[in-house]
Amino acid sequence: MGRYTKEEILRLVREEDIQFIRMQFTDIFGQMKNVAITASQIEKALDNQIMMDGSSIEGFVRIEESDQYLWPDLDTFAILPWRPQYGKVARLICDVHNPDGTPFVGDPRGVLKRALARAGELGLTFNVGPELEFFLFQTDEDGNPTTKTSDEAGYFDLGPLDHGESTRREICLCLEEMGFEIEASHHEVAAGQHEIDFKYTEALQAADNIMTFKLAVKTLAQKNGLHATFMPKPVHGTAGSGMHVNMSLFRDGQNAFFDAADPRNLSPMAYQFIAGLLEHVQGFCAVTNPLVNSYKRLVPGYEAPCHLAWSTGNRSALIRIPTPRGDGTRVELRSPDPSCNPYLAFAVCLAAGLDGIQRQLTPPAESNENLYAIAADLEAQGVRRLPASLEAAIHALEADRVVTAALGSHVTEQYVTGKLREWEEYRTQVTQWELDRYLVTC
């Protein structure tokens, strides 16, 4: 049973004095888009009749086949609490469909739905709990973002050192109004860096929640005269922002990763899922870490994993198994960053894990050493590492049939084309570092 029916939404729009509804969707590169309608058009919207020009969205369709339709997911209806209380604004998250009613193959939400359907055929439900980090920076006199912060706080510090505390609190309260269950929020390692964690849920809702979360953070920061960014590495010489992804599979209401008889209390399926992630993490890194800047974070020395290793409890490993067991048993992938498209990221992680299960793969031995401290030794031992650049990651994606199959040919082609273009733009830039280093000495 869904949360809302068409009739309930019509009633809420009328009773809550909702004047605008944002019909939201996400492009393949993770940017939220929307078509805004007035309340007078809500019945038309709920009948899947709101049209948009797909040729204007990068990676969607060509101009000669531009008409596409937004089909709202009724269960995503929510009032945006940061908008006016008179003449309120609500939102509906939508799937993108073709004029003939078929799902559009390039819709990232559809990519994740297809991956979840494959898990469903095995009797499995995929749950995800994300941990997103972000920076709050000051703006200049014109309101433009800077990388400056008057914040002097560190890990778990509080006000008055933590200058973003009040904004973080406001974000949490707004999200709770929208139905989020906020588990924790705190200051992170770097000055101006923050983290807010919300409870795990089924993967599609978790991806929807991430997109809503990012919008709320940016909107409320701007309201308070700050700039919020999910850029993975905005400041040289300090920690970057990650998005640790906690994953679990359930079958018949039971956590399929838990086994009380195992020394680590992990099931054979859990080990196979871990092995699948390690098998394909290089191939899906371009999706979970999609920017040129992402690879400035994935370097030794800044608490981001670089090498392909797993452990129970060891936070320097790429994959960690947190302490809770029973229904709380989960696999934490620590490499993704918050600039990724969560629909595509969850789809490829699930596909990798399912491949490990179906092929009954076995992970390597657990790594219990501080991997940050022995990075050079790992290289000498032949331990594989994550791609060192976006270019390398894109080529690894192209070579991984499990990842490309999960994305589908349309998304793969458009994604690779867009990201290689981004890499080429970066590769041909002349940076300030180069001028400082070479202009005088050469």
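It should be emphasised that the depicted structure is a prediction, and the values quoted were computed from it without experimental measurement.

Participant: Explain the packing of aromatic side chains residue by residue, including any values.
Facilitator: One pass over the structure, following the stated rule, counts 13 aromatic pairs. Here Phe 126 and Phe 273 contribute two aromatic rings whose centre-to-centre distance is 6.4 Å and whose plane-to-plane angle is 40 degrees, an arrangement assigned as tilted. Remark: Phe 273 occurs in helix 6 (residues 268-288) and Phe 126 occurs in strand 7 (residues 125-138); sequence separation between them is 147 residues. The exposure class of Phe 126 is buried, given its relative accessible area of 1%. Between the aromatic rings of Phe 134 and Phe 213, the centroid separation amounts to 6.1 Å while the plane-to-plane angle is 70 degrees, which identifies the pairing as edge-to-face. Taken together, the residues Phe 134 in strand 7 and Phe 213 in helix 5 (residues 203-223) connect sequence positions 79 residues apart.

Participant: Any chance you could break down unusual backbone geometry for me, citing the residues and the numbers?
Facilitator: In this structure, Asn 48 takes a positive phi of about 65 degrees despite not being glycine. Examined against the element boundaries, Asn 48 turns out to sit in the loop between helix 2 (42-46) and strand 3 (50-53). Despite not being glycine, Asn 265 shows a phi value in the positive range, around 60 degrees. Assignment of secondary structure puts Asn 265 in the loop between strand 13 (254-255) and helix 6. A residue is classified by how much of its surface remains accessible, and Asn 265, at 24% relative accessible area, is partly exposed.

Participant: Break down the pairing of strand 4 (residues 67-72) for me, citing the residues and quoting the values.
Facilitator: In strand 4, alternate side chains face the same way, and those of Gln 68, Leu 70 and Pro 72 are buried while those of Asp 67, Tyr 69 and Trp 71 on the opposite face are not. Pairing geometry for strand 4 and strand 6 (residues 88-97), over four bridges, is antiparallel. In the strand pairing of strand 6, Tyr 69 is matched with His 97.

Participant: Describe the nonpolar core, listing the residues and the values that go with them.
Facilitator: Ranked by internal contacts, the top residues of the largest apolar core, which has 95 residues, are Phe 126, Phe 213, Leu 249 and Phe 346. If we skip the residues at most four places from it in the chain, Phe 213 touches Leu 132, Phe 134, Leu 175, Phe 180, Ile 196, Phe 198 and Phe 230. Counting 22 residues, the second-largest nonpolar core is a separate cluster that includes Leu 10, Ile 42, Phe 77 and Ala 90.

Conventions we followed
Just so you know, the residues in each chain are numbered from 1, in the order the chain's sequence is written. Reporting of local features is limited, given that this is a predicted model, to residues whose pLDDT is at least 70; pairs of side-chain atoms are given and counted only at 80 or more, and all residues count toward the totals for whole chains, interfaces and linings. Computation of side-chain values: all heavy atoms of the structure, hydrogens and water removed. Stacked, tilted and edge-to-face are the three classes applied to pairs of Phe, Tyr and Trp rings, where Trp contributes its six-membered ring and a pair requires centres within 6.5 Å; stacked means planes under 30 degrees apart, edge-to-face means over 60, and tilted covers the rest. By definition, any uninterrupted DSSP run of H or I lasting at least four residues is a helix, any uninterrupted run of E lasting at least two residues is a strand, and each is numbered from the N terminus. The classification of residues rests on relative accessible area computed with a 1.4 Å probe and restricted to protein chains. Under 20% of the type maximum is buried, over 50% is exposed, and intermediate values are partly exposed. By the convention used here, strands pair only if DSSP detects at least 2 bridges between them. Here, nonpolar core refers to any group of buried Ala, Val, Leu, Ile, Met, Phe, Trp, Tyr and Cys residues whose side-chain atoms link them within 4.5 Å. By definition in these notes, contact holds between two residues if any of their heavy atoms fall within 4.5 Å.

Scope: geometric values only; no functional claims are made or implied.
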